[in-house]
Amino acid sequence: MIPYVDFFVPSIEELCFMLDRQRFEAWQLRSNGEDITDSPDLERDIQPLAGECMKLGAKVLMIKCGVKGMYYRTAGQEILGSIGKNLSLNVEEWKEKEGFERSYIPERVLSGTGAGDTGIAAFLCVMLEGKALESCMYLAAAKGASCVAAYDALSGLKSFEEFCVCNA
């Protein structure tokens with residue numbers, strides 16, 4: 001299934017549940033009823049799960065990791081080329097990238113409702129404009145953080161222009 005998906009954007013809990021049920025259950029025990037996204041470690045947990053996704057044929061992977069931020073990884077040019085020709089992606093700039101975009105701390109946190117979906121939507125919007133991967137990740141994290149400043153999923157949102165790198 002993953003080779004047929006251009007952008008795979010699961011949460012870390014969803015991904016772990018799908019690929020490594022034992023690890024997921026260990027996280028649940030370790031979190032002791034608290035936020036399970038506090039449990040995963042980048043090198044020990046997130047990167048190995050991402051590696052499995054890449055082996056399964058992921059092209060562009062973005063893993064939502066709760067308040068910690070978002071991990072991203074992209075495939076090589078031969079795989080990305082299949083989506084780059086249909087979009088404004090500069091495949092040379094997007095190929096074989098990996099990183100972690102930390103969450104931004106908003107002035108207030110009222111509700112997490114819609115933060116992950118807002119981050120994905122922001123990522124896709126600026127990606128469709130042909131922005132660099134790093135700019136897409138920055139704006140995804142910034143928009144997600146602005147979403148938590150209100151009780152609903154829309155009232156706290158800020159425009160892209162309010163986030164300084166909209167022309168990057």
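> Sorry, what's going on with helix α1 (residues 12–19) here?
Taken as a whole, α1 has its buried residues at I12, L15 and C16. Down the axis of α1, the buried set is contained in an arc of 95°. They therefore lie on one face. If you follow the buried residues of α1, they end up packed against β1 (7–8), α2 (21–31), α3 (42–55) and β2 (60–64).

> Help me understand the pattern of salt bridges in this model?
Side chains that differ in sign of charge can pair as their charged atoms come close. Applying the stated criterion across every chain yields a total of 7 salt bridges. Across the pair K59 and D6 runs a salt bridge whose closest N-O atoms are separated by 3.2 Å. Here the residue K59 occupies a position in the loop between α3 and β2, and D6 occupies one in the segment before β1, the gap between them amounting to 53 residues. By relative accessible area, K59 is classed as buried at 9%. On the accessibility criterion, D6 (31% relative accessible area) is partly exposed. Three or more residues are tied together by salt bridges with common partners; here these are D20, R23, R44 and D45.

> What is the right way to read the confidence of the model for the protein chain from this model?
In low-pLDDT regions, the fine details of the predicted coordinates are not to be read closely. Scored by pLDDT, the protein chain comes out at a mean of 84, with 82% of its residues at no less than 70. Highest mean pLDDT in the protein chain belongs to α3 (95); lowest belongs to helix α4 (residues 77–84) (82).

> Looking at this structure, I do not really get the packing of α1 against α2. What am I missing?
Angle between the axes and distance between the axes are the two parameters that describe a pair of packed helices. It is the contact of α1 with α2, at a shortest axis distance of 6 Å, that shows an interaxial angle of 135°. The orientation of α1 relative to α2 falls into the category oblique. Listed contacts from α2 to I12, E13, C16, F17 and L19 of α1 are R21, R23, F24 and W27. Residues of the contact of α1 with α2, tallied by class, amount to 6 nonpolar, no polar and 3 charged.

> Would you take a moment to explain the side chain of S39 for this structure?
The topology assignment puts S39 in the loop between α2 and α3. Residue S39 is classed as buried on the basis of its relative accessible area of 13%. Here R30 takes part through its side chain, which lies 2.7 Å from a polar atom of the side chain of S39. Apart from the residues within four sequence positions on either side, S39 is in contact with W27, R30, R44, D45 and K68.

> Is there a simple way to explain unusual backbone geometry in this structure?
Outside of glycine, negative phi angles account for most residues, and trans bonds account for most peptide bonds. The phi torsion at N32 lies on the positive side, around 50°, for a residue other than glycine. One can find N32 in the loop between α2 and α3.

> Please clarify how the pairing of β2 should be interpreted in this entry.
For a regular strand, side chains alternate in direction, first toward one face of the sheet and then toward the other. Of all 5 residues that make up β2, 5 are buried, and the element is covered over most of its length. Neither face of β2 is left uncovered, since the one carrying V60, M62 and K64 and the one carrying L61 and I63 both have all their residues buried. In this structure, β1 lies alongside β2, joined through 2 bridges in parallel fashion. Residue pairing for β2: F8 is matched across the bridge by L61. Two strands pair when backbone bridges link them, and β2 and strand β3 (residues 69–74) are joined in this way by 5 bridges, in the antiparallel orientation. Pairing of K64 across the sheet is with M70, part of β3. Where β2 hands over to β3, the hairpin turn is made up of 4 residues, of which G66 adopts a positive phi near 65°.

Calculation criteria
Residues numbered from 1 in each chain as written. Predicted model: local features only at pLDDT ≥ 70, side-chain atom pairs only at ≥ 80, totals over all residues. Heavy atoms only, no water. Buried < 20%, exposed > 50% of the residue type's maximum accessible area, 1.4 Å probe, protein only. Helix = DSSP H or I, 4+ residues; strand = E, 2+ residues; numbered from the N terminus. Arc of directions from axis to C-beta. Contact = heavy atoms within 4.5 Å. Salt bridge = Lys/Arg side-chain N within 4 Å of Asp/Glu carboxyl O. pLDDT = per-residue confidence, 0-100. Axes fitted to C-alpha atoms, helices over the stretch in contact; angles between N-to-C directions. Parallel < 35°, antiparallel > 145°, perpendicular 65-115°, else oblique. Nonpolar A, V, L, I, M, F, W, Y, C, P; charged D, E, K, R; others polar. Polar contact = N/O pair within 3.5 Å; in protein donor to acceptor, adjacent residues only side chain to side chain. Pairing = 2+ DSSP bridges.

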